[in-house]
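Take a look at the letters that make up each chain.
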Amino acid sequence: MTTTPDLHGKTAIVTGASRGIGEAAARHLAALGAHVILAARSKDRIEAISNDICDAGGQSTALATDVAESEAVAALVQTAIDQTGRLDLFVNNAGLIDPIARIMDTDPDAWGQVMDVNIKGVYHGLRHAMPIMAAQSGGGTIINISSGAANSFLEGWSHYCASKAAVVRLTGVAHKEAHDKGVRVVGLSPGTVATEMQEQIRASGINPVSQIPWERHITPDWVAKAIAFLTTPAADQWLGTDFSLKVDEGRKAVGMPLE
Ligand code: NJP
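Small disclaimer: the values here were computed from a predicted structure and weren't measured.

Peer 1: Can you walk me through the overall build of the chain in this structure?
Peer 2: Tallying secondary structure elements over the chain gives eight helices and seven strands in all. The C-alpha radius of gyration computed for the chain amounts to 17 Å, which stays within 12% of the reference 18 Å derived for 259 residues, consistent with globular compactness. Viewed in the frame of its principal axes, the chain has a C-alpha envelope of about 50 × 40 × 40 Å. Going through the 259 residues of the chain one by one, you find that 52% of them count as buried. Taking all contacts inside the chain whose residues are at least 6 apart in sequence as the whole, residues at least 24 apart take part in 69%. Approximately 11500 Å² of the chain is accessible, and the part contributed by carbon and sulfur atoms is 52%.

What follows is the structure in structure tokens.
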């Protein structure tokens, strides 16, 4: 069974595509043939990446989007339909971890903002992508980027652990509701990845994750490969659950060296 899909003729939306995992995913999906729509708040960055993809012969569009806003995500999905007539893949990748603080030191508004992005952002992606995919021939795939933090209790990360646990639940419920309508919903727990988010974690100095040597983090390219793999039937056994790059089974599936 193929694990690297041919995505020509497919349309993919990647949120949080201005850097890190989202940027790597957008570039990889475009290299596999997809028309990729990049979404994030940093308009200049997504436009520069999109131009780069087009210069390399790919198909790409950038749309400044705040995933915390339902209407913005609805407009993002509509852009895919207006430009290509389809939406085959939606990668719910946008996420926040800053500000990292112990509960007693948290600012309630900042804590709530992380919920708005990490939970409601994912909900908005599901809410607006699922009906389109359910109605079109061939269905579609939604990948929710979660985290090992969903199953951990890490000091200073109350917002992050709680929100990522919610993402795992959203994945399971969405799968139950939409699988028989042709919508594949799957989670992806990437392990620790060398991105700006890990720089923020390191700078906080709180909890053991901030002490992990930088060279132990994987590169975002591996997560991009896992995202492509999850669009294939070879990944069907993980639908409704979290696929993890921290375990041998997941690493083997995408050709990664074992830990
Ligand atoms: O993070 P980072 P990663 N609306 O900080 C965007 C998860 N994860 O690539 O809006 C739209 O480099 C932001 O763009 P901008 C993690 O929880 C990671 O490491 O322009 N977009 C940027 O593109 C997250 O879900 C690790 O500021 C918004 C992107 O999100 C995903 O992987 C481990 C936004 C963040 O880029 C990507 O993380 C793990 C909004 N309101 C899970 N707010 C890891 N790195 O180790 C932010 O288990 N963004």
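We are not done yet, so read on.
Peer 1: For this particular structure, what's the right way to read the pattern of salt bridges?
Peer 2: Side chains bearing opposite charge may pair, as long as their charged atoms lie close to each other. One pass over the full model with this rule turns up nine salt bridges. A salt bridge links Glu 196 to Arg 19; the shortest N-O distance between them is 3.5 Å. With Glu 196 in helix H6 (residues 196-204) and Arg 19 in the loop between strand S1 (11-15) and helix H1 (20-31), this pair connects stretches of sequence that are 177 residues apart. Its salt-bridge partner being Asp 116, residue Lys 120 comes within 3.7 Å of it at the nearest N-O pair. Here the residue Lys 120 and the residue Asp 116 both occupy positions in helix H4 (residues 108-135), the gap between them amounting to four residues, near one helical turn. Overlapping salt bridges, with partners in common, bring together Glu 23, Arg 27 and Asp 52 in one network.

Peer 1: For this particular structure, what's the right way to read the site of the ligand?
Peer 2: The ligand sits among 31 residues. The nearest are Ser 18, Arg 41, Ser 42, Tyr 160 and Thr 195. With respect to the ligand, the backbone of Ile 21 contributes an N or O atom lying 2.9 Å from an oxygen atom. Within the backbone of Gly 95, an N or O atom sits 3.5 Å from an oxygen atom of the ligand. Considered on its own, the ligand offers 900 Å² of accessible surface; in the complex 97% of this is hidden by protein. Structurally, the ligand is housed in the largest pocket. For the shell around the ligand, the elements supplying multiple residues, two or more each, are H1, helix H5 (158-178) and H6. A breakdown of the residues in the shell around the ligand according to their chemical character gives twelve nonpolar, 14 polar and five charged.

About the criteria used
Residues numbered from 1 in each chain as written. Predicted model: local features only at pLDDT ≥ 70, side-chain atom pairs only at ≥ 80, totals over all residues. Heavy atoms only, no water. Helix = DSSP H or I, 4+ residues; strand = E, 2+ residues; numbered from the N terminus. Rg over C-alpha atoms; globule rule 2.2 N^0.38 Å. Buried < 20%, exposed > 50% of the residue type's maximum accessible area, 1.4 Å probe, protein only. Contact = heavy atoms within 4.5 Å. Areas by Shrake-Rupley, 256 points an atom, 1.4 Å probe, with all protein chains shown as cover. Salt bridge = Lys/Arg side-chain N within 4 Å of Asp/Glu carboxyl O. Near = heavy atom within 4 Å. Polar contact = N/O pair within 3.5 Å; in protein donor to acceptor, adjacent residues only side chain to side chain. 1 Å grid on protein atoms, 1.4 Å probe; cavity = no way out; pocket = protein on both sides within 12 Å on 5 of 7 lines; lining within 4 Å. Sits in = over half its atoms within 2 Å of the grid points. Nonpolar A, V, L, I, M, F, W, Y, C, P; charged D, E, K, R; others polar.

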